[in-house]
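Each chain, letter by letter, is given below.
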Amino acid sequence: MSRRRGELAAMHVRKGQLGLDDETWRDLLERVAGARSAKALDAAGRAKVLDELLRLGAKPCRGRKRRRTSDAPEEKRRLIAKIEAMLAEAGRPVEYAEAILRKMTRHEHRTPLAWASPPQLRDVVAALVYDRKRRSRRAGEGA
């Protein structure tokens, strides 16, 4: 999101926090920044309006929570190791898991496991668990 769009969104969130109606909002914009529309404000005007809204008692907007990625490489290594172990147990090649990943991502070319995100790798593990159950049911029927 661009800085301008983020600032406009923050202004409107704070406007809602203060419960300002449309006419009061436009009066505030005109008094603080000289425009009757938030869309018409430049960067300096937006900063003035944001400061004024904070002064009037609006709470600062917290940024979106982002997932911590520091554990992602370690998690990927663990998941890939688990997938490789499951493949070895089943006697299947690594290409089998790559084909599962390729189908899940709808990618038309070879998709190495190293390119996958942790959620995609977890989906591959789930598919291999399902495959293991299917094979064990078939083995039980043949007996």
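Here we summarise the structure given alongside this text. (Residues numbered from 1 in each chain as written. Predicted model: local features only at pLDDT ≥ 70, side-chain atom pairs only at ≥ 80, totals over all residues. Heavy atoms only, no water.)

Remarks on the overall build of the protein chain
Secondary structure summary: the protein chain contains 6 helices and 0 strands in total. Start at the N end of the protein chain and walk to the C end: the helices and strands fall as α-α-α-α-α-α. The C-alpha radius of gyration of the protein chain comes to 27 Å, more than 25% above the 15 Å expected for a compact globule of 143 residues. Expressed as lengths along the three principal axes of its C-alpha atoms, the size of the protein chain is roughly 85 × 30 × 25 Å. Counting every position in the protein chain, which comprises 143 residues, the buried fraction comes to 29%. For the protein chain, restricting intrachain contacts to residue pairs at least 6 apart in sequence, the fraction spanning at least 24 positions comes to 56%. For the protein chain, the accessible area works out to roughly 10,100 Å², and carbon and sulfur atoms hold 51% of it. (Helix = DSSP H or I, 4+ residues; strand = E, 2+ residues; numbered from the N terminus. Rg over C-alpha atoms; globule rule 2.2 N^0.38 Å. Buried < 20%, exposed > 50% of the residue type's maximum accessible area, 1.4 Å probe, protein only. Contact = heavy atoms within 4.5 Å. Areas by Shrake-Rupley, 256 points an atom, 1.4 Å probe, with all protein chains shown as cover.)

Looking at empty space enclosed by the protein
Counted by the stated rule, this structure contains 1 cavity of 30 Å³ or more. In terms of lining, the largest cavity is formed by Met86, Leu87, Glu89, Ala90, Arg92, Leu128, Asp131, Arg132 and Arg135. Grouping the constituent residues of the lining of the largest cavity by class yields 4 nonpolar, no polar and 5 charged. (1 Å grid on protein atoms, 1.4 Å probe; cavity = no way out; pocket = protein on both sides within 12 Å on 5 of 7 lines; lining within 4 Å. Points joined across faces, edges and corners; volume = space filled by probe spheres on them. Nonpolar A, V, L, I, M, F, W, Y, C, P; charged D, E, K, R; others polar.)

Digging into the packing of helix H1 (residues 3–18) against helix H3 (residues 43–55)
At a minimum axis separation of 10 Å, H1 and H3 run at an interaxial angle of 25°. Relative to H3, H1 is oriented roughly parallel. Here H1 and H3 pass one another in a crossing that is left-handed. For the pair formed by H1 and H3, the contact residues are Arg4, Glu7, Leu8, Ala10, Met11, Arg14 and Leu18 on the first element and Arg46, Val49, Leu50, Leu53 and Leu54 on the second. (Axes fitted to C-alpha atoms, helices over the stretch in contact; angles between N-to-C directions. Parallel < 35°, antiparallel > 145°, perpendicular 65-115°, else oblique. Left-handed = near helix turned anticlockwise from the far one by under 90°.)

Structural notes on helix H4 (residues 72–90)
Compared with the 27 Å implied by 1.5 Å per residue over 19 residues, the 27 Å span of H4 between its first and last C-alpha is a close match. Looking only at H4, the buried set comprises Ala72, Glu75, Leu79, Ile80, Ile83, Met86 and Leu87. Burial along H4 is one-sided: seen end-on, the buried residues are contained in an arc of 130°. Opposite the buried face of H4, at more than 90 degrees from it, the exposed residues are Arg77, Arg78, Ala88 and Glu89. (Expected span 1.5 Å × (residues − 1). Arc of directions from axis to C-beta.)

As for the packing of aromatic side chains
Tallied over the full model, the rule gives 0 aromatic pairs. Taking the ring centre of Tyr96 as reference, the NZ or CZ of Arg92 above it sits at 4.2 Å. (Phe/Tyr/Trp six-rings, centres within 6.5 Å; stacked < 30°, edge-to-face > 60°. Lys NZ or Arg CZ within 6 Å of the ring centre and 35° of its normal.)

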